[in-house]
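# Per-entry structural report
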2 protein chains.
Amino acid sequence: MPTILIVDDEEDLRDLVAQRLEREGFKTLHAADGLTGQKLATKKKPDLIVLDLMMPGKDGITVCRDLRKDSRTSKIPILMLTARSGLDEKITGLELGADDFMTKPFSPKELVLRVRNILRRTLSIDAGSTVEVGEFRLDKNSLKLHLAGEEVDLTSTEFKLLLSLIEAPGTVRERGELLQQVWGYSEQIQTRTLDTHIKRLRAKLGDFGSCVETVRSVGYRFVGPSDQPEG
Amino acid sequence: MPTILIVDDEEDLRDLVAQRLEREGFKTLHAADGLTGQKLATKKKPDLIVLDLMMPGKDGITVCRDLRKDSRTSKIPILMLTARSGLDEKITGLELGADDFMTKPFSPKELVLRVRNILRRTLSIDAGSTVEVGEFRLDKNSLKLHLAGEEVDLTSTEFKLLLSLIEAPGTVRERGELLQQVWGYSEQIQTRTLDTHIKRLRAKLGDFGSCVETVRSVGYRFVGPSDQPEG
DNA sequence: TTCCAATGTGACGGATTTGTAAAGAAACTC
DNA sequence: GAGTTTCTTTACAAATCCGTCACATTGGAA
């Protein structure tokens, strides 16, 4: 679960945004709890910092600069919030190392989108773009498979194939469907390409290769843990 | 019965997809009936929205964004359809909160699969894909039989045969009907294939083999618990 | 009971499908 | 353009499934 540090001075933002982010499955920290002066106080680094530039007490620009200087926080992406929409401010913000920029007023929905966006780039974690079934985690953006914690190297064709299978766990995907979906072939073309890729995919899945089951003269089927015999 | 709202501008999509979905046991609504401007007009919320991005008149992205902003519709999963397969568009779509994404051209079959897929995740129901009678549970998607908790391996022919029998528990299926339905044979062809498969099926059903009864010179009949001779 | 047609049963051969490995073709990288 | 990676095709081996046969058994009609 990604952690987001919110640095601001306004109660309303804290409530609105934090609640929203938490509902979307993020963990939030607040400046008061997470920062001492301009230094990060928590043990665990947040995955993203939401920084409000318009803070009555402090100077957001300075905070940002300091965050960037500190080796512990310099790599953490920053999403900046500002009241004015001045172009210079925006440029300054991006110069300072902000990863994205939002002008008030904004909808919480949009904030969540931008947060997701940044995290996708930096963590390749995004609820909408990953498919998780059992030990399998497929990330559609990075085209990577994490299997039981280990990263497995798949080619793009293998990835698409596995994705097609895994998107409907337990369901038999007909050969024609797969050829259509993965290769864009017409459904009744005669080729052994599919078989070959299935074999290679199974090999790369190692012990989990048996999760890809053959349904003779129909197609293939992905069987995850929940669909295993005795599920 | 899950309701699906289709937001598009094309007659063909409406007909093709809607008819297919309805045949699969879903109820469909159309944008014209279900949306006023970008707001949901119907009383009953749909369980899923199928949104076509390529609409001559409207801007699909905007429609999507608005749907997401409206608290009444923000939680409803969206399946996006698009003509181009551009990655940015895909990412934009997912950012906007679409739950899945399909690029035209696609097969209606695949659409149904994805719809099922999303609904399974969100509603954890799957319309009409399983037939349950007594200890027997047949899943048309996975082509698997669960019998008294145990998974039984059936070939696709055996599966079709059992399905034909079990869809009308207690009713006698004539040999001709079965040959027609399972093998596509003409009804009065002379063959022992049916007998052989019945035998193999019974063997695989083990103790439950007796649920498949012979009706001499007519055909076969599946007898579940409630239809057993002995109450 | 006797007889006959229908069905059960086991085994076989063949056809089809899939697994597997390796080689050729295409795409991509440097 | 050489070398690497990935994809596709090809060829052969292995597995699976199917349909038919021969024979045994059953059940009902005469």
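Residues numbered from 1 in each chain as written. Chains lettered and ligands numbered in written order. Predicted model: local features only at pLDDT ≥ 70, side-chain atom pairs only at ≥ 80, totals over all residues. Heavy atoms only, no water.

Now for the overall build of chain A. Secondary structure assignment for chain A yields 8 helices and 14 strands. Every one of the 231 residues in chain A was classed for burial, and the buried ones make up 51%. Summing over all exposed atoms, chain A offers an accessible surface of approximately 11,200 Å²; the carbon and sulfur share of this is 48%. (Helix = DSSP H or I, 4+ residues; strand = E, 2+ residues; numbered from the N terminus. Buried < 20%, exposed > 50% of the residue type's maximum accessible area, 1.4 Å probe, protein only. Areas by Shrake-Rupley, 256 points an atom, 1.4 Å probe, with all protein chains shown as cover.)

Taken together, 23 residues are adjacent to DNA strand D, and A:Thr157, A:Arg200, B:Thr157, B:Thr191 and B:Arg200 come closest. Put simply, 60% of the atoms of DNA strand D that lie within 4 Å of the protein are in sugar or phosphate. For DNA strand D, a phosphate oxygen lies 2.8 Å from a polar atom in the side chain of A:Trp183. Among the secondary structure elements, those contributing two or more residues to the surface near DNA strand D are helix H6 (156–166) and helix H8 (193–205) of chain A together with helix H8 (193–205) of chain B. Classifying every residue of the surface near DNA strand D by side-chain character gives 4 nonpolar, 13 polar and 6 charged. (Near = heavy atom within 4 Å. Polar contact = N/O pair within 3.5 Å; in protein donor to acceptor, adjacent residues only side chain to side chain. Nonpolar A, V, L, I, M, F, W, Y, C, P; charged D, E, K, R; others polar.)

Within this structure, the stated rule accounts for 14 salt bridges over all chains. A:Arg221 is the salt-bridge partner of A:Glu213, the closest N and O atoms lying 2.9 Å from each other. (Salt bridge = Lys/Arg side-chain N within 4 Å of Asp/Glu carboxyl O.)

Take the protein's contact with DNA strand C next. Near DNA strand C, the surroundings consist of 19 residues, among which A:Arg192, A:Arg202, B:Arg202, B:Thr214 and B:Tyr220 are the closest. Within 4 Å of the protein, the contacting atoms of DNA strand C are drawn from sugar and phosphate to the extent of 48%. Contact between DNA strand C and A:Arg175: a phosphate oxygen at 3.1 Å from a side-chain N or O atom of the residue. At 3.1 Å, a side-chain N or O of B:Arg216 approaches a base nitrogen of DNA strand C. Broken down by secondary-structure element, the contributors of at least two residues to the surface near DNA strand C are H8 of chain A together with H8 of chain B. Of the residues belonging to the surface near DNA strand C, the class tally is 2 nonpolar, 4 polar and 13 charged.

Residues and elements named next belong to chain A. Closest axis-to-axis distance for the H6/H8 pair is 10 Å, and the angle between their directions is 85°. Classified by the angle between their axes, H6 and H8 sit roughly perpendicular to one another. Across from Thr 157, Glu 158, Leu 161, Leu 162 and Leu 165 in H6, the residues of H8 making contact are Leu 194, His 197, Ile 198, Arg 200, Leu 201, Lys 204 and Leu 205. Of the residues belonging to the contact of H6 with H8, the class tally is 7 nonpolar, 2 polar and 3 charged. (Axes fitted to C-alpha atoms, helices over the stretch in contact; angles between N-to-C directions. Parallel < 35°, antiparallel > 145°, perpendicular 65-115°, else oblique. Contact = heavy atoms within 4.5 Å.)

A separate point is helix H7 (residues 175–183) of chain A. Residue and element names in this part refer to chain A. Judged by how many residues are buried, H7 sits mostly within the fold: 7 of 9 residues are covered. Taken together, the buried positions of H7 are Gly 176, Glu 177, Leu 178, Leu 179, Gln 181, Val 182 and Trp 183. In the segment just after H7, Gly 184 is the residue with positive phi, at about 75°.

Two modes of strand pairing occur in sheets, parallel and antiparallel, and in both the strands are linked by backbone hydrogen bonds. All names here are of chain A. Read across the open sheet, the 3 strands follow the order E12-E14-E13; overall the sheet is antiparallel. A single partner strand is all that each edge strand has here, and the edge strands are strand E12 (172–174) and strand E13 (212–215). For this sheet the average axis-to-axis angle between neighbouring strands, irrespective of direction, equals 30°. With 4 bridges connecting them, E13 and strand E14 (residues 219–222) associate as antiparallel partners. Residue pairing across strands places Val 212 opposite Phe 222, the latter belonging to E14. Sheet strands touched by H6: E12, E13 and E14. Its angle to E14, the strand with the most contacts, is close to 75°. (Pairing = 2+ DSSP bridges.)

We now examine the side chain of A:Asp195. With respect to the helices and strands, A:Asp195 occurs in helix H8. Discounting chain neighbours no more than four positions away, the residues touching A:Asp195 are A:Arg175 and A:Tyr220.

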